[in-house]
Amino acid sequence: MDALTRRGFLCGSAAIAALSITPAVAATGVKTLANGKTEIDLKANSALNTVGGVVELDLKKYGKIAVVRTSKSSTGFSVFKLACPHAGVIVKQDGSGGWVCKPPGHGSEFALNGALKVGPASSALKPIKFTVKSQSLIIS
Ligand code: FES
């Protein structure tokens, strides 16, 4: 089990740049655990079997979030909020390997793993802590 670290989040940026683009799909196999955490069944989300795959979901605690497969490692994922850190507009995939904050947002661009590429936002899409078990990803 690995928690997402800032270093891991940033180091994934370079690897993500070369990925093929896979449009995000809605997550399935999602359940709320007794401790309030959210479990995503990885077997039920085949998009996450491929590096560059993305699923999106909406959680009460965070709003819209994305889970991105960032490497073939069993813990190779990024999880982050889709609300732009500039003014909160929900970013969309841009078709070229990242996310863009379209109007009414102000054009910030982010790598597929959420790292900041172009402002006016001054930080990455907000990472969310998670752990990976054998067949599930647990969002804190
Ligand atoms: S809200 Fe995203 S760039 Fe302003």
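Since the structure is predicted, the reported quantities are computational estimates derived from the model, not experimental observations. (Residues numbered from 1 in each chain as written. Predicted model: local features only at pLDDT ≥ 70, side-chain atom pairs only at ≥ 80, totals over all residues.)

Visitor: So what exactly am I meant to see when it comes to the overall build of the protein here?
Guide: Looking only at helices and strands, the protein has 1 helix and 12 strands in total. With 140 residues in all, the protein has 33% of them scored as buried. The long-range fraction of contacts in the protein, counting pairs at least 24 apart against all pairs at least 6 apart in sequence, stands at 50%. (Helix = DSSP H or I, 4+ residues; strand = E, 2+ residues; numbered from the N terminus. Buried ≥ 20, exposed ≤ 12 C-beta atoms within 10 Å, placed from the backbone. Contact = placed C-beta atoms within 7 Å.)

Visitor: Where do I start with the confidence of the model for the protein in this structure?
Guide: The predicted coordinates of low-pLDDT regions are not to be read in fine detail. Averaged over all residues, the pLDDT of the protein is 86; the fraction at 70 or higher stands at 84%. This stretch, residues 1–19, has a pLDDT under 50; its non-local contacts, to residues over four places away or in other chains, come to 37 contacts. (pLDDT = per-residue confidence, 0-100.)

Visitor: How do you make sense of the pairing of strand β3 (residues 38–41) when you look at a structure like this?
Guide: Residues in a regular strand project their side chains so that they alternate between the two faces of the sheet. Here β3 shows a clear split, with Thr38 and Ile40 buried on one side and none of Glu39 and Asp41 buried on the other. In this sheet, β3 lies alongside strand β2 (residues 30–32) in antiparallel orientation, the contact comprising 3 bridges. Among the inter-strand pairings, Val30 is bridged to a residue of β3, identified as Ile40. Hairpin connection, β2 to β3: the antiparallel pair is bridged by 5 residues, and Gly36 has positive phi, about 90 degrees. Both β3 and strand β12 (residues 136–139) contribute to a ladder of 4 bridges, which runs antiparallel. (Pairing = 2+ DSSP bridges.)

Visitor: I tried to follow the environment of Glu56 on my own but got confused; where do I start?
Guide: Inspection of the secondary structure puts Glu56 in strand β4 (residues 54–59). Sequence-wise, Glu56 and Val68 are 12 residues apart; in three dimensions their C-alpha atoms are separated by 8.8 Å. Setting aside its immediate chain neighbours within four residues, Glu56 contacts Ala24, Ala26, Ala27, Lys64, Ile65 and Ala66.

Visitor: Explain unusual backbone geometry here, please?
Guide: Working note: non-glycine residues mostly have negative phi, and peptide bonds are mostly trans. In this chain, Pro103 is followed by Pro104 through a cis amide linkage whose omega measures 15 degrees. Secondary-structure assignment places Pro104 in the loop between β8 (98–100) and β9 (109–111). Across the junction of Gly119 and Pro120, the peptide omega takes the value 25 degrees, indicating a cis bond. Mapped onto the elements of the fold, Pro120 is located in the loop between β10 (116–118) and β11 (130–132).

Visitor: Explain the sheet that holds β12 here, please?
Guide: Taking strand neighbours across the sheet as the criterion, the 4 strands line up as β2-β3-β12-β11 in an open arrangement whose pairing is antiparallel. With partners counted over all chains shown, the strands left at the sheet margins are β2 and β11, one partner each. Within this sheet the neighbouring strands show an average axis-to-axis angle of 20 degrees, counted without direction. (Axes fitted to C-alpha atoms, helices over the stretch in contact; angles between N-to-C directions.)

Visitor: Sorry if this is basic, but what is going on with the environment of Gln135 here?
Guide: In this fold, Gln135 is placed in the loop between β11 and β12. Overall, the presence of 12 C-beta atoms within 10 Å leaves Gln135 in the exposed class. With near-sequence residues (within four places) excluded, Gln135 lies in contact with Asp41, Leu42 and Lys43.

Visitor: Even after reading the chapter, I still don't get the nonpolar core, so can you show me in this structure?
Guide: Considering soluble globular proteins, one finds that nonpolar side chains tend to be buried as a cluster. Counting 31 residues, the largest nonpolar core has Val67 and Val79 as its most contacted members. Among the elements that make up this core, the one with the highest residue count is strand β5 (residues 63–69) (4 residues). With near-sequence residues (within four places) excluded, Val67 lies in contact with Ala27, Ile40, Leu48, Val55, Phe77, Val79 and Leu137. (Core = buried A, V, L, I, M, F, W, Y, C linked by C-beta atoms within 7 Å.)

Visitor: For this particular structure, what's the right way to read the sheet that holds β4?
Guide: Each strand in a sheet pairs with its neighbour through backbone hydrogen bonds, running either in the same direction (parallel) or in the opposite one (antiparallel). The strand order across the open sheet built from 4 strands is β1-β4-β5-β6, with neighbouring strands paired in mixed fashion. The strands lining the two open edges of the sheet, one partner per strand, are β1 (25–26) and β6 (77–81). The pairing of β5 with β6 spans 5 bridges and is antiparallel. For Ile65, the partnering residue across the bridge sits in β6 and is Lys81.

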